[in-house]
Amino acid sequence: IDFSSSRGTGTAQDRVLMENVRVLTPIANPFSPGSFTTTEVSYNVIFRFDPVTLHLVPETITQSGGTGASTCANADVQVYNSVRGASAPLSGATVTIGSRTATTNSSGVASFTSLPTGVASIGVAASGYVSTTQAATLSCTATNNVAVALSPAAGQTGGLTSGQFRVILTWGQNPSDLDSHMTGPNADGTTRWHVYYSARTSGGICGLDVDDTSSYGPETITCPATSTTTGLRAGVYRYSVHHSSGSSNIGTSGANVRLEFANGTVYNYTPPASGFTGSNNVWTVFELTVSSTGAISVAPVNTIRTGVSAGSVSRPKEGAVQYGSPEDASLFQNLAK
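Residues numbered from 1 in each chain as written. Predicted model: local features only at pLDDT ≥ 70, side-chain atom pairs only at ≥ 80, totals over all residues. Heavy atoms only, no water.

## Considerations on the overall build of the protein
Put simply, the test is: Where helices and strands are cited, they refer to DSSP runs of H or I of at least four residues and of E of at least two residues respectively, numbered from the N terminus. Atoms counted for the radius of gyration: C-alpha only. Globule rule: 2.2 Å times residue count to the power 0.38. Note on classification: 1.4 Å probe, protein chains only; a residue is buried when its accessible area is under 20% of the maximum for its type, exposed when over 50%, partly exposed between these limits. The charged-residue count follows a simple rule in which Lys and Arg add positive charge and Asp and Glu add negative charge, with His and chain termini not counted at all. By convention, the point assigned to a charge is CZ for Arg, NZ for Lys, CD for Glu and CG for Asp.
From N to C terminus, the protein includes zero helices and 22 strands. Taking 20 Å as the expected radius of gyration for a compact globule of 337 residues, we find that the protein reaches 22 Å, a close match to that expectation. The principal-axis extents of the C-alpha atoms in the protein amount to approximately 85 × 50 × 40 Å. Relative to its 337 residues, the protein shows a buried fraction of 47%. Of the side chains in the protein, 16 bear a positive and 19 a negative charge, and the two mean positions are spaced by 3 Å.

Okay, structure coming up:
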């Protein structure tokens, strides 16, 4: 087994994808005793981290090369500026899938054909932007459309500075509208603010940079907002995704949430595949805690609340919030469409 040309990437908080693991098998030559030929097959393997044994446990394996490999997947990767959204596609970005590389055109799209099926790691880099990797599941039924949003690099307009973090949501064609929601502590210590599409700067700390209602995203929240001089307030910042409209559900949407910090630390989150029913579901993704000294810690929540209808927002009291559990359903009641 040869790992010399393989690479590993996180696909979620507790999953790692190891691509291009080569398996070399000797086959005896019946016409020349003592001599061998070698067959080569490559695989992509997803490992799950087991916190009890501290081991990476292989979970799924997909053949990516060699005899019998399924290479019928096509993909269009759309690259955006994360703080400007669909109005700012990035041309000239380099997109890498496995051993293949392509460059985005004037519309910000890089196209691939004859890719292996299954989970793939998509690497994207562009001058003036922070490079990233994102996991996507590729199939052969139709062209796979994958959206990736890059943050401007430090020193560029929209680049993160010390003390800031950013959350970027992208997804597929369906549902057509997924919404980003961030809640956090008000200065009174008893109530919480709520940033979303109808309150893009609620609480005066975080800001919704981009709202998308027509598939793919991105939807981007920056904390503190670029336009404010207010620093992060001590308390818990909770990020959730709401299925606002459109068919399918969050679990099958290809959704990817990336949490970025100015120091280069990145967390990637993908939703559970099941547990969603119809529309109006909420996926509570993570909680970020700012201590009284300014120290930041991040914990995944990854829970689902179903049957949440849409209107006005009520903010639960800070002391009543149960951290590590789904966001209070009252936040999402009767939200204006």
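## Looking at the sheet that holds strand 11 (residues 132-138)
Rules: The criterion for strand pairing is that DSSP finds at least two bridges linking the strands in question. Note on definitions: angles span 0 to 180 degrees between N-to-C directions of axes, and those axes are lines fitted to C-alpha atoms, for helices only across the stretch in contact.
One open sheet accounts for four strands, arranged 8-7-10-11; its pairing is antiparallel. Both edges of this open sheet fall to strand 8 (100-103) and strand 11, since each of them pairs with a single strand only. Strand-to-strand twist in this sheet, taken as the mean axis angle between neighbours without regard to direction, amounts to 25°.

## Comments concerning unusual backbone geometry
In this structure, the amide linkage connecting Gly217 to the following residue, Pro218, adopts the cis form with an omega of 0°. Notably, Asn302 is not glycine yet its phi reads approximately 55°, a positive angle. By the element assignment, Asn302 lies in strand 22 (residues 296-305). Take Asn302: its relative accessible area is 37%, and that puts it in the partly exposed class.

## As for the nonpolar core
Applied cut-off: Side-chain atoms within 4.5 Å are what join buried Ala, Val, Leu, Ile, Met, Phe, Trp, Tyr and Cys residues into a set we call a nonpolar core. Here, two residues are considered to be in contact whenever any of their heavy atoms come within 4.5 Å of each other.
Counting residues in each nonpolar core, the largest one holds 32 residues, and the members touching the most others are Met182, Tyr239, Val257 and Phe286. Taken together, the elements giving at least two residues each to this core come down to strand 13 (165-170), strand 14 (177-185), strand 15 (192-195), strand 17 (219-223), strand 18 (235-245), strand 19 (256-261) and strand 21 (282-290). Top contributing element to this core by residue count: strand 21, with five residues. Ignoring anything within four residues of it in the chain, the contact list for Val257 reads Val167, Ile168, Leu169, Tyr239, Val241, Tyr267, Asn268, Tyr269, Trp283, Val285 and Phe286. Counting 21 residues, the second-largest nonpolar core is a separate cluster that includes Leu90, Ala110, Ile122 and Ala136.

## Considering the confidence of the model for the protein
Close reading of the predicted structure is inappropriate where its pLDDT is low. Filter applied, for reference: Confidence of the prediction at every residue is given by pLDDT, a number between 0 and 100.
On average, residues of the protein carry a pLDDT of 86, and 91% of them reach 70 or more. For residues 310-320, every residue scores under 50 in pLDDT, and the model assigns this stretch 40 contacts once sequence neighbours within four places are set aside.

## Focus on the environment of Thr306
Mapped onto the elements, Thr306 comes out in the segment after strand 22. For the pair Thr306 and Pro89, spaced 217 residues apart in sequence, the C-alpha to C-alpha distance is 34 Å. Among residues more than four places away in sequence, those in contact with Thr306 are Gly275, Phe276, Thr277, Asn280 and Asn281.

## Considerations on the pairing of strand 15
Residues Arg192 and His194 point to one face of strand 15 and Trp193 and Val195 to the other, with burial holding for every one of them. The loop that links strand 14 with its antiparallel partner strand 15 comprises six residues; one of these, Gly189, has a positive phi angle of about 75°.

## Points about the side chain of Asn144
Definition in use: N or O atoms within 3.5 Å of each other form a polar contact, as long as, within protein, one can give a hydrogen and the other can take it, and as long as residues adjacent in sequence are counted only when both atoms are side-chain atoms.
Structurally, the position occupied by Asn144 is in strand 12 (residues 144-150). Among the polar contacts made by the side chain of Asn144, one reaches the main-chain carbonyl oxygen of Ser139 at a distance of 2.8 Å. The contacts of Asn144, once residues within four sequence positions are left out, are Ala73, Asn74, Ala75, Asp76, Thr137, Leu138 and Ser139.

## Quick word on the packing of aromatic side chains
Any two aromatic rings considered together are summarised by their centre-to-centre distance and by the angle between their planes. Spelled out, the test is: Pairing of aromatic rings covers Phe, Tyr and Trp, the last counted by its six-membered ring, and requires centre-to-centre distances within 6.5 Å; plane angles under 30 degrees mean stacked, over 60 mean edge-to-face, and any other angle means tilted.
According to the stated counting rule, one finds seven aromatic pairs in the structure shown. Geometrically, the ring pair formed by Phe165 and Phe261 is tilted, given 6.0 Å between the ring centres and 45° between the ring planes. Highlighted residues: Phe165 in strand 13 and Phe261 in strand 19, separated in sequence by 96 residues. Look at Phe165 and you get buried, because its relative accessible area is 0%. Taking relative accessible area as the criterion, Phe261 reaches 14% and is therefore assigned buried. Arranged with centres 6.3 Å apart and planes meeting at 75°, the rings of Phe261 and Tyr267 form a pair that is edge-to-face. Clustering of aromatic rings is evident, with ring pairs tying together Phe165, Trp193, Tyr237, Phe261 and Tyr267.

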